[in-house]
Amino acid sequence: MLRSDARILTTHTGSLPRPAGLVSMLGSVSRGEAVDQPALDAAAQQAISDVVSAQLAAGVDVINNGEQSRVSFSTYVTQRMSGFGGAWTRRGHRDQNESPSIRRSRVVQLMSDVPTCVGPLSYDCLDLVEQECQQLLATVDSSYAKPQELFMTAASPGIVALTMANRYYGNHEEYVFALAGELRKEYEIIVRNGLTLQLDCPDLAMERHVSYQDEPLSAFRDVVALHVRAINYALSDIPRDRVRLHVCWGNSEGPHHYDVPLEDILDLLYDAKVGALVMEMANPRHAHEHRVYRDVPLPEGMLLVAGVIDTKTNYVEHPRLVADRLHQAVAAAGGDPTRVLAGTDCGFDTSAGSNRVEPGIVWLKLQAMREGADIASRELF
């Protein structure tokens, strides 16, 4: 994982807006409907080319494929792994359950129900992982500008387990470790292709107000510890400096007043054998939590990808505000600017068509991140 001694690098959390035609085709995929595969492949390739160019034009240093070919950041695994079937309805977020009118009607919902685990898991389509990696590498190789580094996102065992309910394994722990055993194959392919692996782990924070909204904090901490152990098992053959871990409280617009405080889980996050944490630090509910890292310092050598852009609002952050947030992040990282990257709180399009920020504004936000990082770099290096 790239660490800069000269300036603050910029990145983001993974998903970026997809074009409407591609969203429509991915909707068909998610519903199990017939789709013109060559047309889908061509649309995805064009979208990846466009999103690579747009990231580079916005000045993003560490880029990816925007998850353009995936239905969502987590349910994509059901198109690659066997053992899933049927359907169930996930519990809603506690804050949204109490205030249902806050749900945005403009957001496209590809799935109201999601599959469950109904049989032994097997990652049958590893060729799709290889194809996705090679597609990104080839696209970047053919581009005029070149990024500093490439990353690829992947769902964590815990978020898959809590999104696709267990109807087969004896208990939750058995299910999570079965997922870890299969998903590690995906993780290892990503790293073998020279890409930094980002694990998406909203289960380590968001699920406090979803799956565990009626449980005591101690029960949630127990499941976070279990999920981190599963992550470490899946990463056992991958150097920690090739992995960054994204933790969030859900990319939903709402009050978020039931979000678990960072100080209640941070010690458990530090147990993950990864080289960086990718954290929310910009939105109104979590912008103050840069202070928590001062009381519970980052482990030696761990980097912090600080969310300096809110992915749930169409406001474009002022570059000076971005720079100020980076100053706070550097203080949180012990005053060492080489341990900090600028990032976003979450993805902009975590499920195809779910973006709450207008696509054109996404790129303005990422440009503002670049400008703010340049200001902070001049002041901190």
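Each value, and the rule that gives it
- Residues numbered from 1 in each chain as written.
- Predicted model: local features only at pLDDT ≥ 70, side-chain atom pairs only at ≥ 80, totals over all residues.
- Heavy atoms only, no water.
- Helix = DSSP H or I, 4+ residues; strand = E, 2+ residues; numbered from the N terminus.
- Expected span 1.5 Å × (residues − 1).
- Buried < 20%, exposed > 50% of the residue type's maximum accessible area, 1.4 Å probe, protein only.
- Contact = heavy atoms within 4.5 Å.
- Phe/Tyr/Trp six-rings, centres within 6.5 Å; stacked < 30°, edge-to-face > 60°.
- Lys NZ or Arg CZ within 6 Å of the ring centre and 35° of its normal.
- pLDDT = per-residue confidence, 0-100.

*Asks:* Sorry if this is basic, but what is going on with helix H11 (residues 359-380) here?
*Replies:* Given 3.6 residues to a turn, an α-helix orients residues that are three or four positions apart in the same direction. The first and last C-alpha atoms of H11 sit 32 Å apart over 22 residues, in line with the 32 Å expected at 1.5 Å per residue. Among all positions in H11, only Val-362, Trp-363, Lys-365, Leu-366, Ala-368, Met-369, Arg-370, Gly-372, Ala-373, Ile-375, Ala-376 and Ser-377 are buried. Of the surrounding elements, those touching the buried residues of H11 are helix H2 (37-57), strand E8 (303-309), helix H10 (319-332) and strand E9 (340-344).

*Asks:* I'm lost on the packing of aromatic side chains in this one. Help?
*Replies:* Here a ring pair, both rings aromatic, is described through the centre-centre distance and the interplanar angle of the planes. Summed over all chains, the structure comprises four aromatic pairs. Aromatic side chains Tyr-168 and Tyr-169 sit 4.8 Å apart centroid to centroid with 90 degrees between the ring planes, which places their arrangement in the edge-to-face category. You can call Tyr-169 buried: its relative accessible area is 14%. Centre to centre, the rings of Phe-177 and Tyr-233 are 5.8 Å apart; their planes meet at 50 degrees, and the pair counts as tilted. Separated by 56 residues along the polypeptide, Phe-177 in helix H6 (residues 172-192) and Tyr-233 in helix H7 (residues 217-234) bring together distant segments of the chain. Looking at Tyr-233, the relative accessible area reads 38%, which means it is partly exposed. Stacked on the ring of Tyr-76, the Lys or Arg Arg-70 has its end atom at 4.2 Å from the ring centre.

*Asks:* What should I look at first to understand the confidence of the model for the protein chain in this one?
*Replies:* Fine structural detail should not be taken from predicted coordinates in areas where pLDDT scores are low. Chain-level pLDDT for the protein chain is 94 on average; 97% of the residues reach the 70-or-more range. Long-range and interchain partners of residues 105-109, a stretch whose pLDDT sits below 50, account for nine contacts in this model, where long-range means more than four residues apart.

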